[in-house]
Amino acid sequence: MPSYATCHIFAATVQRVTSDAVAHIIDSAPSAYRWGAQGVSPLRMYHAPLPSPLHHAAAELRTQPPARLFEALCRAACAAHNTAALAYVFGFCTNYALSRVTSRFIDEQADRLATYMPGLSAAARRQLAASDIDGIMIEDYIDTASADYAAYRLLDADAPECTAAARVLAQAVHATLGTHVSPAAVYRGMHDMRHILRLSHGGAPVRSRLQKLEHLLGRSGMASSFIRPAEPLAADCANREHRPWQSTNGERTESFGDLFDAAVPLAVSLQRAVLDRYFQDKPLDPRFFPSDFNGNSVKNGK
């Protein structure tokens, strides 16, 4: 899946071109929207690196057919009668659109990194590829050096609307998986995520210390892969050279930027459908959900 700065940049891009009604609601609760754009990552970061059942729930949500999750998110937002809750779901729309379009691409780039970094696990390579793309997107869209950009400040875990966002996700997890997750745990996950991302902003000195610890634990790249490289990796993880890569439908040559652009109208359309679901009780069309968050096809969107 894309990393956090890329998810934020994509959500901001969608916000600029979405309908006026959706944009107005996002403007009223920007922190809720930004957290929604991170999808299930707060569950994945809860008490990390210590193990937690929430990490399993995060992985399961990404591989479940997403129509049920989005219906649960919409029901929770409707029950809240709170525009911050709705803004959070709008953010989740952007996370899904970008993830399903780019996750297979990132997997392919991670596989290529095995040639350059054979000692890293598949999970660490995926995170490193996503972190490398984060740096490229920051320099392309925010026009600043990646190493100087404190991207963790994009996420405010103390914003008032975070409580509404945490409640929506907790209710949606229970409705989708049958797993009890308290809003307090989701809220804690937001704080844990921001703390980890702040630490990862430390650059080369922090990377060096983490790599020593990883070597002792025998888990290379476990944490250091979250740190954006100071310069784009030689592997060209964003595929600016348009090398062939394999998707589920055969060979493709798009860059990450191409896929990013293609995902924008998908997110805008889904946000509009969520708006209609909230105000008009219009069911979400299952055709919005042809694949899970990892880009794997699902049957009938269910």
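Below, the structure is looked at part by part. Please read all numbers here as calculations on a predicted model, not as lab measurements. (Residues numbered from 1 in each chain as written. Predicted model: local features only at pLDDT ≥ 70, side-chain atom pairs only at ≥ 80, totals over all residues. Heavy atoms only, no water.)

### Brief notes about the nonpolar core
Phase 1 of the analysis: Counting residues in each nonpolar core, the largest one holds 100 residues, and the members touching the most others are Leu43 and Phe70.
Phase 2 of the analysis: Per-element tally for this core: the top contributor is helix α7 (residues 83-116), with 16 residues.
Phase 3 of the analysis: If sequence neighbours within four positions are ignored, Leu43 has contacts with Leu54, His55, Ala58, Leu61, Leu169, Val173, Val181 and Val186. (Core = buried A, V, L, I, M, F, W, Y, C linked by side-chain atoms within 4.5 Å. Buried < 20%, exposed > 50% of the residue type's maximum accessible area, 1.4 Å probe, protein only. Helix = DSSP H or I, 4+ residues; strand = E, 2+ residues; numbered from the N terminus. Contact = heavy atoms within 4.5 Å.)

### A closer look at helix α8 (residues 122-142)
Phase 1 of the analysis: Between its terminal C-alpha atoms α8 stretches 29 Å, which fits the 30 Å expected from 21 residues at 1.5 Å a residue.
Phase 2 of the analysis: Downstream of α8 by one or two residues, Asp143 has phi in the positive range, about 60°. (Expected span 1.5 Å × (residues − 1).)

### Comments concerning the layout of surface pockets
Phase 1 of the analysis: The space that makes up the second largest pocket amounts to roughly 240 Å³.
Phase 2 of the analysis: Lining the second largest pocket are 13 residues, with Arg100, Thr248, Asn249, Arg252 and Gly295 sitting closest to its centre.
Phase 3 of the analysis: Top contributing element to the lining of the second largest pocket by residue count: α7, with four residues. (1 Å grid on protein atoms, 1.4 Å probe; cavity = no way out; pocket = protein on both sides within 12 Å on 5 of 7 lines; lining within 4 Å. Points joined across faces, edges and corners; volume = space filled by probe spheres on them.)

### Describing the packing of helix α1 (residues 4-17) against helix α12 (residues 256-280)
Phase 1 of the analysis: α12 packs onto α1 with a crossing angle of 55° between their chain directions and a minimal axis gap of 9 Å. Judged on the interaxial angle alone, α12 and α1 are oblique. As for how α1 packs across α12, the hand of that crossing is right-handed. Every residue of α12 that contacts α1 at Thr6, Ile9, Phe10, Thr13, Val14 and Val17 is listed here: Phe256, Phe260, Ala263, Val264, Ala267, Val268 and Gln271.
Phase 2 of the analysis: Across the contact of α1 with α12, the residue classes break down as 10 nonpolar, three polar and no charged. (Axes fitted to C-alpha atoms, helices over the stretch in contact; angles between N-to-C directions. Parallel < 35°, antiparallel > 145°, perpendicular 65-115°, else oblique. Left-handed = near helix turned anticlockwise from the far one by under 90°. Nonpolar A, V, L, I, M, F, W, Y, C, P; charged D, E, K, R; others polar.)

### Side note on empty space enclosed by the protein
Phase 1 of the analysis: This structure, assessed with the given rule, holds two cavities of 30 Å³ or more.
Phase 2 of the analysis: The computed volume of the largest cavity comes to approximately 90 Å³.
Phase 3 of the analysis: What lines the largest cavity is simply Met1, Pro2, Ser3, Tyr4, Gln38, Ser41, Arg44, Met45, Gln127, Met193, Leu197 and Phe226.
Phase 4 of the analysis: Looking at the lining of the largest cavity, the elements with two or more residues in it are α4 (41-45) and α10 (183-200).
Phase 5 of the analysis: Across the lining of the largest cavity, the residue classes break down as seven nonpolar, four polar and one charged.
Phase 6 of the analysis: Reported here for the second largest cavity is a volume of approximately 40 Å³.
Phase 7 of the analysis: When grouped by side-chain class, the residues that make up the lining of the second largest cavity number four nonpolar, two polar and three charged.

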